[in-house]
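Analysis of the macromolecular model
Here is what each chain is made of, one letter per residue.
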Amino acid sequence: MGSNWRIYPESISPRDCDNIIKDCRNLDVLDGTTFNMSEQARSSKIRWASGNNDLVNLLYGYILDANRTAFSFDVERACDIQFTEYDASYKGHYDWHEDIDWLNQQSVYQRKLSMTVQLSHPASYAGGDFEFQTPPEDWDPERVKAKGTVIVFPSYLRHRVTPVTSGKRYSLVSWFEGPRWR
């Protein structure tokens, strides 16, 4: 495992991934937005699943383990859980970005750790690759595409999802906050 990320390969069962997709698709859908970026930087549909306590508990276990074994960040609370759909019909993607709104000085909290959970089987879509701008030495793009794989990384790392060229890619994204970075 890399020192600036943690991966839990295929740790959520395919059946659980399918159930998460089914449940989340019933939530209210919105267009994905960004912090301080142009509208063209992101094309996706999102649904907020933060009220699902089973999901919160599932994801929190991965964050606690990753933080304990790799980061030791001052993380106090879970932020939100976002179910994201990237569809080839609208060239679903998300350009290079960080998960921190550095310009927001109002909040006493900032995102510290980000998590993405691959819900789709990689054969169900093309494109839609999750990438770091500076990939870790042990980065394996095929391994991170495996259904049920969880990735945890510092929210300040630049990353993206390349355009989906066929099919649909589903993922969960969550953030965990702590006191502002100093």
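See above for the structure.
Here is a short report on the structure shown in this document. (Residues numbered from 1 in each chain as written. Predicted model: local features only at pLDDT ≥ 70, side-chain atom pairs only at ≥ 80, totals over all residues. Heavy atoms only, no water.)

Assigned secondary structure in the protein chain consists of 3 helices and 12 strands. What you see for the protein chain is a C-alpha radius of gyration of 15 Å, in line with the 16 Å of a compact globule of 182 residues. Burial status across the protein chain gives 47% buried among its 182 residues. Taking as baseline every contact in the protein chain between residues at least 6 positions apart, the subset at least 24 positions apart corresponds to 87%. With the model as given, the accessible surface of the protein chain reaches about 9200 Å², and the carbon-plus-sulfur share is 48%. Distance between charge centroids for the protein chain: 1 Å, based on 21 positive and 25 negative side chains. (Helix = DSSP H or I, 4+ residues; strand = E, 2+ residues; numbered from the N terminus. Rg over C-alpha atoms; globule rule 2.2 N^0.38 Å. Buried < 20%, exposed > 50% of the residue type's maximum accessible area, 1.4 Å probe, protein only. Contact = heavy atoms within 4.5 Å. Areas by Shrake-Rupley, 256 points an atom, 1.4 Å probe, with all protein chains shown as cover. Lys, Arg positive; Asp, Glu negative; His and termini not counted. Charge placed at Lys NZ, Arg CZ, Asp CG, Glu CD.)

Within this structure, the stated rule accounts for 7 salt bridges. For Asp 18, the salt bridge identified is with Lys 147, shortest N-O distance 2.5 Å. Residue Asp 18 is found in helix α1 (residues 14-24), and its partner Lys 147 is found in the loop between α3 (141-144) and β10 (150-154); the two are separated by 129 residues along the sequence. Given a relative accessible area of 38%, Asp 18 falls into the partly exposed group. The residue Glu 85 makes a salt bridge to Arg 47 at a minimum N-O spacing of 3.9 Å. Of this pair, Glu 85 sits in strand β5 (residues 77-87) while Arg 47 is found in strand β4 (residues 45-48), placing the two residues 38 residues apart along the sequence. For Glu 85, a relative accessible area of 6% gives the class buried. A residue is classified by how much of its surface remains accessible, and Arg 47, at 8% relative accessible area, is buried. (Salt bridge = Lys/Arg side-chain N within 4 Å of Asp/Glu carboxyl O.)

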